[in-house]
Amino acid sequence: MNRKKVLVTGSNGLLGQKIIYSLIERKDIDLLASSKGLNRLICKSGYRYIDLDITRNKEVEKVFENENPDAVINCAAMTNVDYCEENQDSCWKINVNAVENIAKSCEALKAHLLHLSTDFVFDGKSGPYSENDKPNPLHFYAKSKLKSEEIVKKTMTKWSIARTIIIYGITDNMSRSNIVLWAKKEIENGNAINVVNDQLRSPTLAEDLAKGCISIIDKSAFGLYHLSGPKTYSILDLVHKVADFYNLDKSLILPVTSASLNQSATRPLSTGFDITKAKKDLDFNPVDFLEGIKIMDQQIKNHEI
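For the structure given in this document, a descriptive report is provided here.

Cut-offs and rules
Residue numbering note: each chain is counted from 1, following its sequence as written. Where local features are concerned, this predicted model is filtered to residues with pLDDT of at least 70; where side-chain atom pairs are given and counted, the filter is 80 or more; whole-chain, interface and lining totals use all residues. Only hydrogens and water are set aside when side-chain values are computed; all heavy atoms of the structure are taken into account. Helix and strand assignments come from DSSP, with helices taken as H or I runs of at least 4 residues and strands as E runs of at least 2, each series counted from the N terminus. For the exposure calls, accessible area comes from a 1.4 Å probe over protein chains only, and a residue counts as buried if that area is under 20% of its type's maximum, exposed if over 50%, partly exposed in between. We call two residues in contact whenever any of their non-hydrogen atoms come within 4.5 Å of each other. All accessible-area figures derive from a Shrake-Rupley calculation using a 1.4 Å probe, and residue coverage is judged against the displayed protein chains alone. Only four residue types enter the tally: Lys and Arg on the positive side, Asp and Glu on the negative side, with His and both chain ends excluded. Here the site of a charge means NZ on Lys, CZ on Arg, CG on Asp, or CD on Glu. The term salt bridge refers to a side-chain nitrogen of Lys or Arg lying within 4 Å of a carboxyl oxygen of Asp or Glu. Axis geometry follows a simple rule: fit a line to the C-alpha atoms, using only the stretch in contact for helices, then measure angles between N-to-C directions, giving values from 0 to 180 degrees. These descriptions rest on fixed angle ranges, namely under 35 degrees for roughly parallel, over 145 for roughly antiparallel, 65 to 115 for roughly perpendicular, and the rest for oblique. Polar here means any residue other than Ala, Val, Leu, Ile, Met, Phe, Trp, Tyr, Cys and Pro, which are nonpolar, and Asp, Glu, Lys and Arg, which are charged; Gly is therefore polar. The aromatic pairing rule takes the rings of Phe, Tyr and Trp, using the six-membered ring of Trp, and pairs them if the centres are within 6.5 Å, calling planes under 30 degrees apart stacked, those over 60 edge-to-face and the rest tilted. For a ring to carry a charge above it, either NZ of a lysine or CZ of an arginine must fall within 6 Å of the ring centroid while also lying within 35 degrees of the normal to the ring plane. Pairs of cysteine sulfur atoms within 2.5 Å are identified as disulfides in what follows. Buried Ala, Val, Leu, Ile, Met, Phe, Trp, Tyr and Cys residues that are joined via side-chain atoms within 4.5 Å together make up what is termed a nonpolar core. DSSP bridges decide pairing: two strands pair if at least two such bridges lie between them.

### A look at the overall build of the protein
Phase 1 of the analysis: Of regular secondary structure, the protein possesses ten helices and 13 strands.
Phase 2 of the analysis: In terms of overall dimensions, the protein has a C-alpha envelope of 55 × 40 × 35 Å along the principal axes.
Phase 3 of the analysis: Sorting the 305 residues of the protein into buried and exposed places 55% on the buried side.
Phase 4 of the analysis: For the protein, restricting intrachain contacts to residue pairs at least 6 apart in sequence, the fraction spanning at least 24 positions comes to 78%.
Phase 5 of the analysis: For the protein, the computed accessible surface area is about 13,800 Å², with 47% contributed by carbon and sulfur atoms.
Phase 6 of the analysis: The average position of the 40 basic charges and that of the 39 acidic charges among the side chains of the protein differ by 3 Å.

### A word on the pattern of salt bridges
Phase 1 of the analysis: Applying the stated criterion to the full structure yields 19 salt bridges.
Phase 2 of the analysis: Two residues, glutamate 61 and lysine 58, come together in a salt bridge whose shortest N-O distance is 3.8 Å. With glutamate 61 and lysine 58 both in helix α2 (residues 57–67) and three residues apart, the pair spans about one turn of that helix.
Phase 3 of the analysis: Exposure remark for glutamate 61: the relative accessible area of 28% places this residue in the partly exposed category.
Phase 4 of the analysis: Between lysine 110 and glutamate 107 there is a salt bridge, and its shortest N-O distance comes to 2.7 Å.
Phase 5 of the analysis: Its relative accessible area of 14% is what places glutamate 107 among the buried residues.

### Re the packing of helix α6 (residues 179–188) against helix α10 (residues 289–301)
Phase 1 of the analysis: α10 packs onto α6 with a crossing angle of 70° between their chain directions and a minimal axis gap of 11 Å. Classified by the angle their axes make, α6 and α10 are roughly perpendicular. On α10, the residues that touch Val180, Leu181 and Lys184 of α6 are Phe289, Ile293, Met296 and Ile300.
Phase 2 of the analysis: Of the residues assigned to the contact of α6 with α10, the class counts are six nonpolar, no polar and one charged.

### A short note on the packing of aromatic side chains
Phase 1 of the analysis: Tallied over the entire structure, the rule returns five aromatic pairs.
Phase 2 of the analysis: Note on tryptophan 92 and phenylalanine 140: the rings are 5.7 Å apart at their centroids and 45° apart in plane angle, and the pair reads as tilted. Placement of the pair is tryptophan 92 in helix α4 (residues 88–109) and phenylalanine 140 in helix α5 (residues 140–155), with a sequence separation of 48 residues.
Phase 3 of the analysis: The exposure class of tryptophan 92 is partly exposed, given its relative accessible area of 30%.
Phase 4 of the analysis: Aromatic pair tyrosine 168 and phenylalanine 289: ring centres 5.1 Å apart, planes at 75°, arrangement edge-to-face. Highlighted residues: tyrosine 168 in strand β7 (residues 167–168) and phenylalanine 289 in helix α10, separated in sequence by 121 residues. Across the pair, exposure class does not vary: tyrosine 168 and phenylalanine 289 are buried alike.
Phase 5 of the analysis: For lysine 184, the ring lying beneath its charged end belongs to tyrosine 246, and the centroid distance is 5.1 Å.

### A short note on the state of the cysteines
Phase 1 of the analysis: Overall, the coordinates contain zero disulfides when judged by the stated rule.
Phase 2 of the analysis: Unpaired in terms of disulfides, cysteine 84 finds its nearest cysteine sulfur in cysteine 91, a separation of 3.5 Å.
Phase 3 of the analysis: Under the relative-accessibility criterion, cysteine 84 is labelled buried at 0%.
Phase 4 of the analysis: Free cysteine: cysteine 106, not disulfide-bonded; nearest cysteine sulfur from cysteine 75 at 13 Å.

### Focus: the nonpolar core
As a rule of thumb, nonpolar side chains are buried together in soluble globular proteins.
Phase 1 of the analysis: By size, the foremost hydrophobic cluster in this structure holds 37 residues, and its most contacted members are Ile19 and Leu227.
Phase 2 of the analysis: Contributions of two or more residues to this core are made by β1 (4–9), α1 (14–23), β2 (29–35), β4 (71–74), β5 (112–118), α7 (206–219) and α9 (276–282).
Phase 3 of the analysis: Of all hydrophobic cores here, the second largest spans 27 residues; its members include Val180, Ile187, Leu248 and Ile293.

### Focus: the sheet that holds β2
Phase 1 of the analysis: Across the sheet, seven strands lie side by side as β3-β2-β1-β4-β5-β6-β11; this open sheet has parallel pairing. Looking at the sheet topology across the chains shown, the edges are occupied by β3 (48–51) and β11 (223–226). Neighbour-to-neighbour, the strand axes of this sheet turn through a mean angle of 20°, independent of strand direction.
Phase 2 of the analysis: The sheet contact formed by β5 and strand β6 (residues 159–164) spans six bridges and is parallel. What sits directly across from serine 117, in β6, is arginine 163.

Honestly, that's just the spatial picture; any functional story needs more than this.
Written out as structure tokens, the structure is:
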């Protein structure tokens, strides 16, 4: 069998882990996982792990030349929006310079690069957005991601970009929370939480995003794709749905406006995606948020969260 070699960068993160676990059993895939530092996945079989600092160009060149992957899925990024606003040099190094390192090494091997991006490249004035809509980033994180998209398009012959929105799910050895786990934990602990009522998003179950990314690689589907959940909700609605599912006290959920939070980075108010292209080209059929909570709940019972 002619096996395709797939390298996943940022494999310790939520999406990276889901992609690795989705591909472990595939007999037609030679799977490589990579992140900076130790491997955080509990399962250590069915793939090889490489400690890789993608900000070091020579290191990237050496690994790519040695491994010669057919396809690379870049899940690595600095995604904390306010941290990026306050630490712009670090943000640019990871979200832009490192992507250029990966793109150049991929192009040298004529490998297919799938790069992950974000709904935040849009200003939120006219969502939901299709792949044809013009970006207009409002903060530094979004500007760094848009720049990385431009680098991929400019550098690569075989490129794909998958933009997504609010990923939620369970991972091994979690280092970060997400909207479901955060709301559940805070309300269960009796803590009042401020939740914005004027931001609209299409939350994306991590398993669905992983399936979409794998479909892009399997089909060699080049170009730009929007991959998100099928419906758009306010952030307040999402937190209410979490509280309803777990029969939690919704009086602890305090609606606030985005302006009242005085965050370092200005968020777009209404994004959301038109996922028609992904449905047609990739057979992408994501679950709605409530179904996603049910899937996560089963996973929570299998993990110590």
